[in-house]
Amino acid sequence: MSAAAVYDVLVVGLGPGGGSAARAAAARGRRVLAVDRRKVVGQPVQCAEFLPNPMLRHGNLPGVLVQKITGMKTFLPSGKREDSDFPGLMIDRGNLDRAVADEAAAAGAELRLETRLLHLDPETGEARLKGPGGETTVSARVVIGADGPHSPVARAAGLPAQKTVHTRQHTLPLADTYPDTDIFLSPDFPGGYGWLFPKGEVANVGLGMDRRFGEDLGGPLTDLIGHLAERGLVENRLLGRTGGSIPVGGLRPMVHPGPILLVGDAAGLTHPITGAGIPAALISGERAGEAAADYLEDGDAEALADFEEDVRDQFETSVARGVERREELERIWGSPAADADGPHRRGWIAFSEYFGRAEAAPEAVPR
Ligand SMILES: Cc1cc2nc3c(=O)[nH]c(=O)nc-3n(C[C@H](O)[C@H](O)[C@H](O)COP(=O)(O)OP(=O)(O)OC[C@H]3O[C@@H](n4cnc5c(N)ncnc54)[C@H](O)[C@@H]3O)c2cc1C
């Protein structure tokens, strides 16, 4: 039997997190293998395609930007509407993932598609892969898990499954171009929300829900689309459908023996209320690739700890607040309290209540 090919870094997953990690490590001269079980990077798209951080350089990559978003209209259970500034970009998510993967390849990373991680031994760094040519084993000095919400790499590192919300989305023709995103908060979407993201001549209309509070997404999505068609915003004609899981349990430890690093959805970096995770995947992926290269240079594990610290500095506060708000909302789903606007204002990022305390702290009484 021939010996396993040895890489400096194995990246599992070629979403925005994996592409960024592979590029960063390869750009520092490391021998990188990046694998994805998909046939084509970025396909199928499982995303509403909103890039909430318009300043990221990735919005300027070829074929990525479709339109700008300026505002958010949030609809409450009472029918009241709140309008907020909400700058961001609607993107072609498939093109984004492919552009980032192309950058990784241009930096020297070897990309293998239709190649699934079957097993990872965290002690030896040996990974069994199944590709078009059959099964192979490779070994890597650092493994980066960029393999999404159900991350097999995280499982190999000993982590339990993440808490997730399930989603369903239809793409429909827009009646007219639209500059805002519409958000629907309702007791009918327990543990999630409904959305309309306009993308040029079409709109991504979808919803997320927590399986524990509601199994059926089809009925509520049909109702939401019917309502939008009645308002004259969309044509009720299906152009495409997608869905997927969104991790909502908060950050997970990102550095594990091996060493194994986790990024993006695998690290629980997605915002537990909005479900936005593209920027966190891009940023954490890049940082992990750099940290892996630094670590390989002199074996100093400090570089890996610094990676996790940097990522936590950027995302921990907002993700932790999201987790807290989800827990508050979880107490009311299925009860009359979920029909009132108040808890939804407290549970959604467009409202000042989201950032405030649940109730005023009792005043200190002098003795
Ligand atoms: C319906 C929906 C709408 C969303 N809308 C938005 C939005 O508008 N804006 C936003 O910012 N975020 C959105 N998100 C979240 C966003 O898509 C994720 O946060 C983002 O994709 C995370 O990137 P990632 O690189 O960590 O993981 P992913 O993009 O999930 O990539 C993981 C990759 O790993 C591969 N993989 C998994 N297992 C294996 C294996 N065993 N072997 C090989 N490869 C494997 C997968 O094929 C996949 O390509 C949405 C999510 C969903 C489900």
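These lines cover the structure that appears in this document, whether it is placed above or below. Every value quoted in this text rests on a predicted model; they were computed, and no experiment measured them.

Parameters at a glance
- Residues numbered from 1 in each chain as written.
- Predicted model: local features only at pLDDT ≥ 70, side-chain atom pairs only at ≥ 80, totals over all residues.
- Heavy atoms only, no water.
- Helix = DSSP H or I, 4+ residues; strand = E, 2+ residues; numbered from the N terminus.
- Rg over C-alpha atoms; globule rule 2.2 N^0.38 Å.
- Buried < 20%, exposed > 50% of the residue type's maximum accessible area, 1.4 Å probe, protein only.
- Contact = heavy atoms within 4.5 Å.
- Areas by Shrake-Rupley, 256 points an atom, 1.4 Å probe, with all protein chains shown as cover.
- Lys, Arg positive; Asp, Glu negative; His and termini not counted.
- Charge placed at Lys NZ, Arg CZ, Asp CG, Glu CD.
- Pairing = 2+ DSSP bridges.
- Phe/Tyr/Trp six-rings, centres within 6.5 Å; stacked < 30°, edge-to-face > 60°.
- Core = buried A, V, L, I, M, F, W, Y, C linked by side-chain atoms within 4.5 Å.
- Near = heavy atom within 4 Å.
- Polar contact = N/O pair within 3.5 Å; in protein donor to acceptor, adjacent residues only side chain to side chain.
- Nonpolar A, V, L, I, M, F, W, Y, C, P; charged D, E, K, R; others polar.

### Considerations on the overall build of the protein chain
Part 1: A count of helices and strands for the protein chain gives eight helices and 16 strands.
Part 2: Compactness check: the protein chain gives a C-alpha radius of gyration of 21 Å against a globular reference of 21 Å for 367 residues, within 12% of the reference.
Part 3: The principal-axis extent of the C-alpha atoms belonging to the protein chain is close to 65 × 65 × 35 Å.
Part 4: Scored against the burial criterion, the 367 residues of the protein chain give a buried share of 53%.
Part 5: Taking the intrachain contacts of the protein chain between residues at least 6 apart in sequence as the baseline, contacts between residues at least 24 apart amount to 70%.
Part 6: With an accessible surface of roughly 16,600 Å², the protein chain has 49% of that area assigned to carbon and sulfur atoms.
Part 7: For the protein chain, the distance from the average site of its 39 positive side-chain charges to the average site of its 51 negative ones is 3 Å.

### A look at the sheet that holds strand E3 (residues 50-51)
Part 1: Pairing is mixed in the open sheet, where eight strands are placed in the order E3-E5-E4-E11-E12-E13-E10-E14. Two strands bound the open sheet, and with one partner strand each, they are E3 and strand E14 (240-247).
Part 2: Pairing of strand E12 (residues 194-199) with strand E13 (residues 202-209) involves six bridges; the strand directions are antiparallel. Across the sheet, the residue bridging to Lys199 is Val202, located in E13.

### A look at the packing of aromatic side chains
Aromatic rings in a pair are described by how distant their centres are and how their planes are angled relative to each other.
Part 1: Taken as a whole, this structure holds six aromatic pairs when the rule is applied.
Part 2: Between Phe50 and Phe197, the ring centres sit 5.2 Å apart and the planes meet at 25 degrees, which makes this aromatic pair stacked. Linking Phe50 in strand E3 with Phe197 in strand E12, this pair joins segments that are 147 residues apart in sequence. Of the two residues examined, Phe50 and Phe197, each falls in the buried class.
Part 3: Arranged with centres 5.1 Å apart and planes meeting at 15 degrees, the rings of Phe75 and Phe184 form a pair that is stacked.

### Some points on the nonpolar core
Part 1: Of all hydrophobic cores here, the largest spans 53 residues; its most connected members are Val9, Leu10, Val11 and Ile144.
Part 2: When neighbours within four sequence positions are excluded, Val9 is seen to be in contact with Ala25, Arg31, Val32, Leu33, Ala140, Val142, Ile144, Ala292 and Leu296.
Part 3: Of all hydrophobic cores here, the second largest spans 20 residues; its members include Ala48, Phe86, Met90 and Phe351.

### With respect to the site of the ligand
Part 1: The full set close to the ligand counts 35 residues, and Gly17, Asp36, Phe50, Arg93 and Asp265 are the nearest of them.
Part 2: Measuring from an oxygen atom of the ligand, one finds a backbone N or O atom of Glu49 at 3.3 Å.
Part 3: Put simply, the parts of the chain that give the shell around the ligand at least two residues each are helix H1 (16-27), strand E7 (116-121), E14 and helix H5 (278-298).
Part 4: When the residues that make up the shell around the ligand are grouped by side-chain class, the tally is 14 nonpolar, 13 polar and eight charged.

### Topic: the pairing of E12
Part 1: Burial analysis of E12 places six of its six residues in the buried class, the great majority of the element.
Part 2: A two-sided burial pattern is seen for E12, the buried positions comprising Gly194, Leu196 and Pro198 on one face and Trp195, Phe197 and Lys199 on the other.
Part 3: Pairing analysis gives three bridges linking strand E11 (residues 180-184) to E12, with the strands arranged antiparallel. Bridged to Asp182 within E12 is Leu196.
Part 4: Taken together, E12 and the strand that follows it, E13, pair antiparallel across an intervening segment of two residues, in which Gly200 is found at a positive phi of about 65 degrees.

### Describing the pairing of E13
Part 1: Along E13, seven of the eight residues are buried, which leaves the element largely enclosed by surrounding structure.
Part 2: Here strand E10 (residues 164-173) runs beside E13; their pairing, made up of eight bridges, is antiparallel. Across the sheet, residue Thr167 finds its bridge partner in E13, namely Gly208.

### Concerning the environment of Gly258
Part 1: Mapping Gly258 onto the fold places it in the loop between strand E15 (255-256) and strand E16 (260-262).
Part 2: Once residues lying within four places of it in the same chain are set aside, the contact partners of Gly258 are Pro122 and Arg141.

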